[in-house]
Each structure stands twice: as C-alpha cells, then as structure tokens.
Amino acid sequence: FGVIVASSGLLLMIERGILAQVRPPPLHPAAGERSRRGGDEPGAELDREVLRDIRNRTIRAVCGQRAMPRSVWELPAGQRRTVLRHLLVSDRYRFLYCYVPKVACSNWKRVLKVLGGALGSVDAKLKMDHRSDLVFLGDMRPEEISYRLQHYYKFLFVRNPLERLLSAYRNKFGEIKEYQQRYGVEIVRRYRHDGGGSAGDDVTFSEFLRYLLDEEAERMNEHWMPIYNLCQPCAVRYDFIGSYERLHADANYVLRRVQSPASVRFPERQPWYKPVTAETLQYYLCNTQRRLIKELLPKYILDFSLFAYPLPNVTAEFCRH
C-alpha cells in the first residue's frame, strides 16, 4: 500500500486516462548521443545533475513511507532472493552492481569479468555466459551480504520502462527460439483465437502486453520484470543510478569512481545491434490499443516515477503526426 500511495499522483493520472507526457527537465537533444561519443553539449552535465536530483528526491520520498522496506532483510523471502541474485560483486574493487536485463547488462558483465581477471578484454569475441566467472551476492552468507551492502559502492542502470519492454519483445520473440517455445507458444494460445498451431515466433506486441497484464510482477521473467522488483531501490541504498540514455558517460563515471584500471573501458555497442529508437517505440505504442497501455502502466509506475521517465503520449492527436 505504501508503494501505491507514494505514486498516487501518477496513478491518478492513469486512472483518468491522461497519458500526455510528464517530463523531467529536458535534456539537450544531442546530449545522450554525444556522451556516447565522449563529448557533451553545453549544459548537458547540468541537465544530468538536475535529473539525478529529481530521482534522488523521488526515491527518498517514496522510500521514506512507513510501509516501505529499509533493508533486504525486511523483504519477503522471494523478493529478497530476486534482488540478491541480481547483485553482482567485485571484492577487488569493492562494488555491487544490480544487473537489469535489457539495460546493457551483458556489457557490464564483460567489464566485471575483465576486472576479475577472467577475461582479457571487453572486446573478446565470445558468447556471453551470464553465470560463470561472476560472483552473486545471493551465494554468500548473511553476514557477508550485510557487510558488502553496508561498505561497498552500489550502482544500477535504468531505462525507459516501455522502451525496455519493446527491446525484450523484439529480441526474445523475434530472435530467441527458447523464448518462442517457452513463452511465445503459451501467449498465442492464451490470447489468440485458434492460435494453437503457432510456433511462438509470431507473438504480437499487443499479445505480449496482455500477457504482462496477467502476470504477477514478482513472478515475471527477469527480462520484463519491473526494475523496482529486480533491484529494490528502497531496501538497497544505491550510491549511483545510471541511465541507458547516457550509458557511456555514466558508465565511465562509475569506472572512475571504483578506481578501475584506466585500460578498462565500457564496451562500444556492437554494429549488429538494432537499438529501439523513440520513433520505433512510438510506432508500436500508437498501433496498440490505448486501453491496454493505460492498464499496464500501474504495473511499472514505480519505474516511471522513481527514475523520472515520462509517461507515454498515445493520444489520438499525437499519434496522427
């Protein structure tokens, strides 16, 4: 109940059907792209500081509610297991990183493997093993967990919730056979008339969103589970929250902060990777039932509000343009 009360303003807007964008102070148009190339538009750093201040204030306000957890030990067992198995540990550099799928977590895992000595370079050509040569906080004893949570530098990276969902949808149902068979077949069978013959590779975005509506957030697959549930920013006091939109600038800041070797840099985006653009996201949203989006937003409302992302604008007037 504390979570709902803390986000009551945005929830009220959703209930009334107001989906016009609620924006944080605007970033300069090229700031995110330039920071990936190593440069900044004038004033971009100030924009980032303002956005961080908004996020910090919102997190303090939400997490200050009486019903919110103050530590991982106050979480129900299932929620505690989730966050502890998403916190990766570097004892050498004394930091914890909460990985969020579809927010550059594979590249961060490469960085951790390089820092740990298991990988020679972040550019090494290999298929990413998401468990080997990585240390998870959940595999440690309670006293070891508490010590690291208290004394290590803690960070995570976030992304626009709907952009992250679209990225997961396009990747998992457009490219990964395991997900098509495990989830796609069931989604089509459940939400499409006479969909029993599907191989799971033709799931529509609307069917995917309907599936998310019927899923409990705490039981979701990690690729579409809300970031709040994955990383529990009230129970874990993160020292830094980076953004996918300013990925390289924020990643380089973290690497400097943990005093990693100057030779270790955050990997460049792979040339084959097809990012979700604002135009792509708007196309999908404008071709999805407005009611479906409105019903889904409360499930991700804390990701929108805590991390200062705008609600999507899917008004008929906006979509016509």
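Each chain has its residues counted from 1, running along the sequence as written. Where local features are concerned, this predicted model is filtered to residues with pLDDT of at least 70; where side-chain atom pairs are given and counted, the filter is 80 or more; whole-chain, interface and lining totals use all residues. Just so you know, side-chain values use all the structure's heavy atoms and leave hydrogens and water out.

*Asks:* What is the right way to read the state of the cysteines from this model?
*Replies:* Note: disulfide means a covalent bond formed between the sulfur atoms of two cysteine side chains. Two cysteine sulfurs form what is called a disulfide whenever their separation falls within 2.5 Å. Taken as a whole and judged by the stated rule, the model has three disulfides. The disulfide partner of Cys63 is Cys234, and the S-S distance across this bridge is 2.0 Å. Residues Cys63 and Cys234 are joined through a disulfide that is left-handed, its torsion about the S-S bond being -80°. With Cys63 in helix α4 (residues 44-63) and Cys234 in the loop between α11 (227-231) and β4 (240-243), the pair connects residues that are 171 residues apart, well separated along the chain. A simple rule labels every residue: compare its accessible area, found with a 1.4 Å probe on the protein chains alone, to the largest value its type can have, and call it buried under 20%, exposed over 50%, or partly exposed in between. For Cys234, a relative accessible area of 5% corresponds to the buried category. Covalently, Cys286 is tied to Cys319 through a disulfide, its sulfur atoms 2.0 Å apart. The helix count covers DSSP runs of H or I at least four residues long, the strand count covers runs of E at least two residues long, and both are numbered beginning at the N terminus.

*Asks:* Hey, could you run me through helix α6 (residues 105-115) in this one?
*Replies:* Spacing of three or four residues puts side chains on the same side of an α-helix, whose turn is 3.6 residues. Counting buried positions over the 11 residues of α6 gives 10, a clear majority of the element. Cys105, Asn107, Trp108, Lys109, Arg110, Val111, Leu112, Lys113, Val114 and Leu115 are the residues of α6 that are buried. Turning to α6, the residues buried within the fold contact β1 (87-90), β2 (95-98), β3 (153-158) and α12 (247-257). Remark: Gly117 follows α6 within two positions and exhibits a positive phi of approximately 85°. The contact criterion used is simple: two residues touch if any of their non-hydrogen atoms lie within 4.5 Å.

*Asks:* Can you help me understand the pattern of salt bridges in this one?
*Replies:* One side-chain nitrogen of Lys or Arg within 4 Å of one carboxyl oxygen of Asp or Glu is enough to make a salt bridge. In the structure shown here, the tally under the stated rule is 15 salt bridges. A salt bridge links Arg141 to Glu143; the nearest nitrogen and oxygen atoms lie 3.0 Å apart. According to the relative accessible area criterion, Glu143 is partly exposed, its value standing at 48%. Ionic pairing is found between Arg192 and Asp202, a salt bridge with its closest N-O pair at 3.0 Å. Of this pair, Arg192 sits in the loop between α9 (177-191) and α10 (205-214) while Asp202 sits in the loop between α9 and α10, and the two are 10 residues apart along the sequence. Overall, Arg192 belongs to the partly exposed group, its relative accessible area being 26%. Three or more residues are tied together by salt bridges with common partners; here these are Glu49, Arg52 and Asp250.

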